[in-house]
Amino acid sequence: EDYEKATACYRAALRLDARHYNAWYGLGTVYYRQEKFELSEYHFRHALGINGRSSVLYCYLGMALHALRRTADALDLLRRAIALDARNPLAWPPRRSANRTRKALLQHSQL
């Protein structure tokens, strides 16, 4: 994967339109894959600021926060993603960890 080329393309898109949420999301994804989780969080949050109705953006931000060991915040974002689109497969864990995640969501909601 050519992260430098992808980053250059997304930045070029943002120079043309700073409200291009897909470019912010794309940069967040590049940084997430490079394990630069703070940068990915920043870019995903910016994308959500432009398009706050995207369950996909909530999922990716949640994944970045989980990688930063901010699990309670990550679970809250996944709940928001599910509320926006319960059919979004990104919001649901694989079957083998679904029970653990459901228990974590239940415990988090009881806090």
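Residues numbered from 1 in each chain as written. Predicted model: local features only at pLDDT ≥ 70, side-chain atom pairs only at ≥ 80, totals over all residues. Heavy atoms only, no water.

Draft legend 1. Representation of the overall build of the protein within the structure. Counting secondary structure elements, the protein contains six helices and zero strands. In sequence order, the protein lays out its α and β elements as α-α-α-α-α-α. Each of the 111 residues in the protein was classed as buried or not, and the buried ones make up 38%. The long-range share in the protein, meaning contacts at least 24 apart out of those at least 6 apart in sequence, stands at 44%. (Helix = DSSP H or I, 4+ residues; strand = E, 2+ residues; numbered from the N terminus. Buried < 20%, exposed > 50% of the residue type's maximum accessible area, 1.4 Å probe, protein only. Contact = heavy atoms within 4.5 Å.)

Draft legend 2. Representation of the packing of helix α1 (residues 3–16) against helix α2 (residues 21–33) within the structure. Axis separation between α1 and α2 bottoms out at 9 Å; the angle between their running directions is 155°. By the angle between their axes, α1 is roughly antiparallel relative to α2. The handedness of the crossing between α1 and α2 comes out as left-handed. Seen from α1, the contacting residues are Tyr 3, Ala 6, Thr 7, Tyr 10, Arg 11, Ala 13 and Leu 14; seen from α2, they are Asn 22, Ala 23, Trp 24, Gly 26, Leu 27, Val 30, Tyr 31 and Arg 33. When grouped by side-chain class, the residues that make up the contact of α1 with α2 number 10 nonpolar, three polar and two charged. (Axes fitted to C-alpha atoms, helices over the stretch in contact; angles between N-to-C directions. Parallel < 35°, antiparallel > 145°, perpendicular 65-115°, else oblique. Left-handed = near helix turned anticlockwise from the far one by under 90°. Nonpolar A, V, L, I, M, F, W, Y, C, P; charged D, E, K, R; others polar.)

Draft legend 3. Quick peek at unusual backbone geometry. Phi angles above zero are rare outside glycine, and Glu 35 is one such case at about 60°. For Glu 35, the position within the fold is in the loop between α2 and α3 (37–50). One non-glycine residue, Arg 69, adopts positive backbone phi at about 65°.

Draft legend 4. Region of the structure containing the environment of Arg 19. In this fold, Arg 19 is placed in the loop between α1 and α2. The class of Arg 19 is exposed, set by a relative accessible area of 54%. Residues Arg 19 and Asn 51 lie 32 residues apart in sequence; the distance between their C-alpha atoms is 9.2 Å.

Draft legend 5. Summary view of α3. Its 14 residues place the ends of α3 20 Å apart at the C-alpha level, agreeing with the 20 Å of an ideal helix rising 1.5 Å per residue. Buried residues of α3: Phe 37, Ser 40, Glu 41, His 43, Phe 44, Ala 47, Leu 48 and Ile 50, and no others. Close packing links the buried residues of α3 with α2 and α4 (55–67). (Expected span 1.5 Å × (residues − 1).)

Draft legend 6. Main features of the environment of Leu 77. With respect to the helices and strands, Leu 77 occurs in helix α5 (residues 71–84). For Leu 77, a relative accessible area of 6% gives the class buried. Look past the residues within four positions of Leu 77 in its chain and what remains in contact with it is Tyr 58, Leu 61, Gly 62 and Leu 65.

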